[in-house]
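Topology and contacts: notes
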Amino acid sequence: MPRATQPVLNAKVPAGRLQDKWDAYKDVVGLVSPANKRKHTILVVGTGLAGGSAAATLGGLGYKVKSFCIQDSARRAHSIAAQGGINAAKNYPNDGDTIWRLFYDTIKGGDYRAREANVYRLAQVSGNIIDQAVAQGVPFAREYGGLLANRSFGGAQVARTFYARGQTGQQLLLGTYQALSHQIATGNVTMLPRREMLDLVVADGHARGIITRDLVTGQLERHVGDAVLLCTGGYGNAYYLSTNAKNSNVTAAWRCYKRGAYFANPCFTQIHPTCIPVSGSYQSKLTLMSESLRNDGRVWVPKDTGDPRPPSQIPEADRDYYLERRYPAFGNLVPRDVASRAAKKECDAGRGVGTTRLAVYLDFAQAIRRLGEQAIRERYGNLFEMYARITGENPYAVPMRIYPAVHYTMGGLWVDYELQTTVPGLFVLGEANFSDHGANRLGASALMQGLADGYFVIPYTLGAYLSGTALNGRLTTSHDAFAQAEHASNKRLRTLLSTQGDKTATEFHRELGQLLWNHVGMARTREGLESAAKAIAALRHQFWERIRVPGENGTYNKYLEFAGRIADFMELGELMARDALAREESCGGHFREEHQTADGEALRNDEDFAHASAWAYTGNDQAPVEHREPLTFENVQLSSRSYK
Amino acid sequence: MAKSMTIYLRVWRQAGPEAPGRLVDYTVADANEHMSFLELLDVLNEQLIHRGEDPVEFDNDCREGICGSCGVMVGGIAHGPQQRTAVCQLHMRAFKDGDRIVVEPFRAKAFPIVKDLVVDRSAFDRIIAAGGYVSTTTGGAPDANALPVSKEAADEAMDYAACIGCGACVAACPNASASLFTAAKIAHLALLPQGSIEAPQRAVAMVDQMTAEGFGDCSNHAECEAVCPKGISVHGITRMRREYIKAVLR
Ligand code: FES
């Protein structure tokens, strides 16, 4: 392995003690006066927790905000599907939680591949998020005395997770959506639903606008602003089957990558251990069963391979509760990456259950005996109903069958401490950035990060940018950069429609997904990654010769949208494989079979890989350039993660 | 093994808001019981694309019953025959081999058709923007435990807050009223101390907006509750009326 000669990135982390950095930053950061805020237009793309909270907050501060979403309403962004909860270091249960512990658990859970200063800030503002949500009327679960209830989640030994039944994401998102609606009513936010961002406009070296397509009329539109906030979520749908919503995609982020923003750690993808298994080839998406179920559910497989007996006929002595056996300290609550790999290992060894044998049991019998069916119904009722609707089985009577599925992407556009990319004026918030979760995200931390970025970080860092940057106030959408970007988008749409080949977007997507799942999934090898990169490149060329898109541009046309997104997913897929190849270690969700301990645990290489890899686009069919941000750990001791 | 089935669909096709619409017959021969209803439409669409015909447009996103994007009339019932189930969660095991199913968009004056099964539900967003929030801005919120809320109130608020904004209540109502949707938000917020301060004004603003959007009045049919995928109770409508009257009598 050659020593790093890659260019080094500066994250602009403030000096000083970890605990003081954010306060020190806020003390000296430039401000925009109320009268001047009105003069700035901010373009916020996406209305999930990150985008919705940013748009609402900036509108409340007096900025002119244009908010864009792909769905028919801002209330539908995929944050809505998060089930289990949101972490905050409130220490309400008095079980020893502190900001430091939340920080430490998150850094450790991320397998020491996240930036200390960002993660500490996240833990610091976590409590404010809960306060804010309660003030908005988010109906969190409460105890009989009227105070907020908490539960525990994977990767932590304290109960710091706040929840609203199994619909925490929905309730937080609706809180955000309502705050956004309030600002729409005041006139500070203009809402543009059913819009897809097709390009970023960079003028005079600054992000100054976006090109969108009106998904109802097909019209391309130009929007100019003083900064662009990209809050467009993750790229898990690259795998075709994932727990993401059907419209979740990488296109907006990918366009920014091609305009100069670096893409960091694309190989850090999270495979969630508890999803409902695949039932057939028509399957369009996978459904997650919240990790909170692992609080009361016990994971097991039969000890004998291919045991044909139904679960109720398998006595205790013939069952292997493999997580409890292998990880006695954390048991069923080990982090997601560990739980997923363990399930894969059992199934690969032939001990999987169900018709496909690609599933393990998640069993509530013991909890039902201990607490009664009613208590379980209260905790997880809606999840059990969902399971029953999808599988046609009653999980109160027979154990659930679960299997890992792609769920979240830790990688994303590279941002510095201020959430700014390598393109000045382009900020990235929430899952779309790479910053806080390292190589593995802990449960109940995605909601926390999205809202931390939008409510409490961007208002400061955006102000710093605007107050410290001389922007051309006379720039309009007639600038050449807009014309050029719009032309490129138009051309692409025309090509997609005119090719009229013999293969549908869905068919291409399925093939890409198979390649990624098999080779850039739960276990990766040099050989597999090399072959996948080649195969994806070939598929990408085939795409532009054989794609068949129905209909026309000037109308609602879902399959035209899909085709454009899949083309971007293919390019991203190649970069994922390249990144996974370059990272010669195992960490978090990135497991290279060449790098494991004797008992099959991930083997990190801190000497050579304690860095973020940020890839710079150099042209189509040209190798991207890797830049590195060294990760320095001044406050935590790098140790090998042990949940035993 | 999964049972394979043949399904005869009769689907509403309409090229655009002003275009005339009609029902068109399609056959899906390779359906199976574990498929969701939207996956059945996916399979149909793949066939149509290969045949060079326009696929059927329908809104959907999460496909797990939480985002509220999906929603069509299946056999004359909003979201189809299975109770408390959004159409994305409706599985073909609810049907039999050889069934004929009519699929139409949600119909209401305030929900103009965009294309095929896709309708414009932006009126719902305007009802929320009229007052469906607590008027706070970010920052300055007191500690979350500063104000205890009884478990009963929080639970009941959650029952109403579970609304996904799909519009099935409107489609099922003989008057195309949006009362259940509007009431759910009014009740959710009125039940909590944080939201109760603005409760009367909120009720008036939201109800007035609902009327302005062209939704009808509620005449207590309760068809809405029957089709609601989240089982929102019509008792919310009583609560909405109470808040409204309180405000008017002030
Ligand atoms: S697609 Fe989200 S509720 Fe049906």
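Bear in mind that the values here come from a model prediction, so they are computed numbers and not experimental data.

So, about the packing of helix α3 (residues 151-161) of chain B against helix α5 (residues 179-190) of chain B. All names here are of chain B. Taken N-terminus to C-terminus, the directions of α3 and α5 make an angle of 160 degrees; their axes are 8 Å apart at the nearest point. As summarised for this structure, α3 and α5 are arranged roughly antiparallel, according to the angle between their axes. In the crossing of α3 with α5, the sense of the turn from one axis to the other is left-handed. Between α3 and α5, the residues in contact are Ala-157, Tyr-160 and Ala-161 and Ala-184, Ala-187 and His-188, respectively.

A few words on the packing of aromatic side chains. Residue and element names in this part refer to chain A. Within the structure shown, the criterion is met by 31 aromatic pairs over all chains. Ring centres of Trp-254 and Tyr-257 lie 4.4 Å apart, and the angle between their planes is 35 degrees; on these two criteria the pair is classed as tilted. Taken together, the residues span about one helical turn, with Trp-254 and Tyr-257 both in helix α7 (residues 251-258) at a distance of three residues. A relative accessible area of 3% means that Tyr-257 is categorised as buried. Arranged with centres 6.1 Å apart and planes meeting at 50 degrees, the rings of Phe-364 and Tyr-380 form a pair that is tilted. Here the residue Phe-364 occupies a position in the loop between β14 (360-363) and α10 (365-371), and Tyr-380 occupies one in helix α11 (residues 373-391), the gap between them amounting to 16 residues. Classification of Phe-364 as buried rests on a relative accessible area of 1%. The buried category is assigned to Tyr-380, whose relative accessible area is 1%. Ring pairs connect the aromatic residues Tyr-235, Trp-254, Tyr-257, Phe-263 and Tyr-617, which therefore count as one cluster.

For the rest of this paragraph, the subject is the confidence of the model for chain B. In this model, chain B carries an average pLDDT of 97, and 100% of its residues clear a pLDDT of 70 or more. As a predicted assembly, this complex carries a pTM of 0.97 together with an ipTM value of 0.98.

Let's shift gears to the environment of Ile130(A). By secondary structure assignment, the location of Ile130(A) is in helix α5 (residues 116-136). Put simply, Ile130(A) and Leu172(A) are 42 residues apart on the chain and 9.6 Å apart in space, counted from C-alpha to C-alpha.

Interfaces are often described in size by the accessible area the parts lose on coming together. Contact residues are listed per partner, giving 77 residues for chain A and 76 residues for chain B. Sorting the residues of chain A by area buried against chain B places Arg76(A), Tyr282(A) and Arg389(A) first, and these three jointly supply 12% of that buried surface. For the pair chain A and chain B, the number of links is five salt bridges. When the shortest N-O distance is used, the salt bridge between Glu64(B) and Lys285(A) registers 2.5 Å. Counting every contact that joins chain A to chain B gives 47 residue pairs in polar contact (both at pLDDT 80 or more). Of all the elements in the fold, those that place two or more residues in the side of chain A that touches chain B are α3 (49-61), α5, α6 (168-186), α11, α12 (446-468), α14 (505-519) and α16 (558-582) of chain A. The element that contributes the greatest number of residues to the side of chain A that touches chain B is α6(A), accounting for nine residues. Looking at the side of chain A that touches chain B residue by residue, the classes come out as 27 nonpolar, 32 polar and 18 charged.

To continue, consider the sheet that holds strand β7 (residues 206-214) of chain A. Residues and elements named next belong to chain A. Pairing is antiparallel in the open sheet, where three strands are placed in the order β6-β7-β8. At either margin of the open sheet sits one strand with a lone partner, and together these are β6 (195-203) and β8 (220-224). The average undirected angle you get between the axes of adjacent strands in this sheet is 25 degrees. Where β6 and β7 come together, eight bridges link them in antiparallel fashion. Looking across to β7, one finds that Arg-195 is bridged to Asp-214.

Residues and elements named next belong to chain A. Position of Arg-151 among the secondary structure elements: in the loop between α5 and β4 (161-162). Among buried Asp, Glu, Lys and Arg side chains, Arg-151 stands out as unpaired, with Asp-296 the closest opposite charge at 7.3 Å. In terms of polar contacts, Arg-151 uses its side chain to reach the backbone carbonyl oxygen of Gly-84, at 3.1 Å. Here Arg-165 takes part through its backbone oxygen, which lies 3.2 Å from a polar atom of the side chain of Arg-151. Apart from residues lying up to four places away in sequence, Arg-151 is in contact with Gly-84, Ala-159, Arg-160, Thr-161, Tyr-163, Arg-165, Ser-292, Asn-295, Arg-379 and Tyr-380.

All names here are of chain A. When β7 meets β8, the two strands line up antiparallel, connected through five bridges. If you follow Ile-210 over to β8, its bridge partner there is His-223. Between the antiparallel neighbours β7 and β8 lie five residues, among them Gly-218 with a positive phi of about 80 degrees.

Parameters at a glance
Residues numbered from 1 in each chain as written. Chains lettered and ligands numbered in written order. Predicted model: local features only at pLDDT ≥ 70, side-chain atom pairs only at ≥ 80, totals over all residues. Heavy atoms only, no water. Axes fitted to C-alpha atoms, helices over the stretch in contact; angles between N-to-C directions. Helix = DSSP H or I, 4+ residues; strand = E, 2+ residues; numbered from the N terminus. Parallel < 35°, antiparallel > 145°, perpendicular 65-115°, else oblique. Left-handed = near helix turned anticlockwise from the far one by under 90°. Contact = heavy atoms within 4.5 Å. Phe/Tyr/Trp six-rings, centres within 6.5 Å; stacked < 30°, edge-to-face > 60°. Buried < 20%, exposed > 50% of the residue type's maximum accessible area, 1.4 Å probe, protein only. pLDDT = per-residue confidence, 0-100. Buried area = accessible area lost by both parts, 1.4 Å probe. Salt bridge = Lys/Arg side-chain N within 4 Å of Asp/Glu carboxyl O. Polar contact = N/O pair within 3.5 Å; in protein donor to acceptor, adjacent residues only side chain to side chain. Nonpolar A, V, L, I, M, F, W, Y, C, P; charged D, E, K, R; others polar. Pairing = 2+ DSSP bridges. Lys, Arg positive; Asp, Glu negative; His and termini not counted.

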